[in-house]
Every structure is written in C-alpha cells, then in structure tokens.
Amino acid sequence: MKKIYKNSIENIPRTDIFDNTFVFEYLENPTSENTEIIYLRDLLEKYKNEDILKKAQEKPAMYSEVYSPKIELQIFTELFEKALKNNKKIHIVWVTLGEEIQMLEKYYQELWFMRQDINAFDVDFSVPLVTVSCHIENLMWKGSDYKAQKDKIFFCPPIRESGQNKALFKGITRGVIVGIDMSYSQLTPDPSLTKREELTQEYQQFLGDCIRQEKILPLFMGRILKYNLEEVGFEGEVEELEIEY
C-alpha cells in the first residue's frame, strides 16, 4: 500500500509493496475561522428561472440555463473584485465555469505562482485572497448526461456543458482549484443507506475512476482532498480513503 503525501508517494511500512492500493487522507466537513466560505448554490437560488425549468422537463439539456452561467459569472466576478478591494480572504464553493478558472489563473499569475517548467501553477494557498472549490457532482456529470439522467441531475449550481466540465478538471490539474466539495449530496438518497454510506459508495467509485483513468493524478488528488485545504487554513476531521488502481 502507498500513502499519498503532498509532494510524494511512499510505501506504508509493514504492508505489501506490490499491493495496488493508494491511501489518501481527506478533510471531513472542513471549516475555517479566518476565511469566509461562500456557496454559489445559495446565491444562485435567488435567480432561478422557473420558465426555463418548465421547458427543461421536455428538453432536459436546457436545465443549465435555469441558473444562468452569465449570472453565475457576474456573481463570481463581484465577489472576486470585492475581496481584492477589501483585502479579505474568501473561499468560493461550487464554481462551474471555465471563465471563473481563467480569472483565477490571471490572478495567480500576477502573484507569480505560474511555473513555466511544468506549465502549471504552484500556489501557496495561504497567500491568495480568493480561492475556490468545485462540487464533486459537477465533475461526475456533464451536459450530454441530461439526455439519459433528466431531472435526476437537476442540481444547483447546474451541470454545465462538456467544455465547462473539462475546464474544472483542467483547473485541478493546473493547480488552480483548491478542493472538491463532498459535504452535500444532491443525488436521490438510497433509503437503505446512511448518508455517510451513500457518499462513500457514490463518490469513492468516481474518485477511483479518476485515478484509474488518469483524469486526476494521485498527487493532485491528495492535494485537493486535504493538503490544499490545509494551506488555505481549513480544519476538519481527517479520514482515510483507499483506492485500488
């Protein structure tokens, strides 16, 4: 078994070195005393478009516009600019747009966190005033899934088109997105499971697939589950996640 640390992968003493298992640590329900946490879900709910929601019952792909990406970007921009103006640390949870990631990349580049040798960012997340997380379900699904899933994935913030989904993965691999929020499940719960069991089964399978399909490399996974969040100043109960590869 191999333990994933911030900058290294090490064999766990007294375990089989040929065992194909990664052991990650993650923060359960992270909180911060020094950083204001802002959920885009709460702000977007005020702009829910009921007319488009009715049309989405027949054309599910329209659901993304129930919570307009233009409005989300406007909200994000206002939060971003206000934080910089007031010199205040904020963490925005549930970003869904490539434009938001581009705004952060420009900001982190101005802070000299861009490394040309790896064509990615090496951010000390204790420094920026604005950091972000995405929700795991905005990684799990993309716009083309509306055809099969329909209202099962009518979430807020909504599942965006494939290009936006790819932008979130790129934000992770480029070192811009701090973490993946898993504290709240919008999926219809299985009454036979506790909430913790539900989250473990649904999300662990997805995270394992990300590792096995190399969508997220192990070191990046370790950082977004724990180490980046700790740099921001988050605290929480540390749990372990085992993924076979």
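Residues numbered from 1 in each chain as written. Predicted model: local features only at pLDDT ≥ 70, side-chain atom pairs only at ≥ 80, totals over all residues. Heavy atoms only, no water.

This next bit is on the sheet that holds strand β1 (residues 2-4). Strand order across the open sheet formed by 4 strands is β2-β1-β3-β10, with mixed pairing between neighbours. Bordering the open sheet on either side are β2 (9-11) and β10 (235-244), each of which pairs with just one other strand. Direction aside, the axes of adjacent strands within the sheet are offset by 30° on average. As defined by bridge partners, β1 adjoins strand β3 (residues 21-31) across 2 bridges and the pair is classed as parallel. Within the sheet, the bridge partner assigned to Lys2 lies in β3 and is Phe22. Together, β1, β2, β3 and β10 form the strand contacts of helix α9 (residues 218-232), whose direction differs from that of β3 by roughly 25°. (Pairing = 2+ DSSP bridges. Helix = DSSP H or I, 4+ residues; strand = E, 2+ residues; numbered from the N terminus. Axes fitted to C-alpha atoms, helices over the stretch in contact; angles between N-to-C directions. Contact = heavy atoms within 4.5 Å.)

Here we take up the side chain of Asp145. Within the element layout of this structure, Asp145 appears in the loop between α5 (136-140) and α6 (146-149). Buried and unpaired, Asp145 has no salt bridge, with Lys142 as the nearest side chain of opposite charge at 4.4 Å. (Buried < 20%, exposed > 50% of the residue type's maximum accessible area, 1.4 Å probe, protein only. Lys, Arg positive; Asp, Glu negative; His and termini not counted. Salt bridge = Lys/Arg side-chain N within 4 Å of Asp/Glu carboxyl O.)

Here we take up helix α3 (residues 69-86). The end-to-end C-alpha separation of α3 is 26 Å, in line with the 26 Å expected for 18 residues at 1.5 Å each. Along α3, the residues classified as buried are Glu72, Ile75, Phe76, Thr77, Leu79, Phe80 and Ala83. Summarising the contacts, the buried residues of α3 are in contact with β4 (36-39), α1 (40-44), β5 (90-93), α4 (98-110) and β8 (130-135). Structurally, the start of α3 carries an N-cap: the backbone nitrogen of Lys70 is 3.1 Å from a side-chain oxygen of Ser68. (Expected span 1.5 Å × (residues − 1). Polar contact = N/O pair within 3.5 Å; in protein donor to acceptor, adjacent residues only side chain to side chain.)

What follows concerns the pattern of salt bridges. As enumerated under the stated definition, the model contains 12 salt bridges in all. In this structure, the salt-bridge partner of Arg160 is Glu72, at a minimum N-O distance of 2.7 Å. Here Arg160, found in the loop between α6 and α7 (162-173), pairs with Glu72, found in helix α3; they are 88 residues apart in sequence, far enough to count as distant. Side by side, Arg160 and Glu72 carry an identical accessibility label, which is buried. For the salt bridge of Lys226 with Glu230, the shortest nitrogen-to-oxygen distance reads 3.3 Å. Remark: Glu230 and Lys226 occur in helix α9; sequence separation between them is 4 residues, near one turn of the helix. One network of salt bridges, with partners in common, ties together Lys3, Glu25, Lys226 and Glu230.

In the structure shown here, the tally under the stated rule is 0 disulfides. No disulfide involves Cys134; its nearest neighbouring cysteine sulfur is the one of Cys210, lying 9.9 Å away. (Disulfide = S-S within 2.5 Å.)

Atom-level detail of predicted coordinates should not be read off regions where pLDDT is low. When pLDDT is averaged along the protein chain, the result is 93; 93% of the residues meet or exceed 70. Low pLDDT (under 50) marks residues 193-198, which in the prediction has 11 contacts with non-local residues, meaning those over four places away or in another chain. (pLDDT = per-residue confidence, 0-100.)

The sheet built from 4 strands is open, its strands ordered β4-β5-β8-β9 with parallel pairing. Each having just a single partner strand, β4 and β9 (179-181) make up the two edges of the open sheet. Ignoring strand direction, the axes of neighbouring strands in this sheet form an average angle of 30°. By the bridge criterion, 4 bridges tie β4 to β5 in an arrangement that is parallel. Looking across to β5, one finds that Tyr39 is bridged to Val93.

What follows concerns the packing of α4 against α7. Where α4 contacts α7, the two axes come as close as 8 Å, and the packing angle between them is 30°. Classified by the angle their axes make, α4 and α7 are roughly parallel. In this structure, α4 contributes Gly98, Glu99 and Ile101 to the contact, and α7 contributes Gln164, Ala167 and Gly171. (Parallel < 35°, antiparallel > 145°, perpendicular 65-115°, else oblique.)

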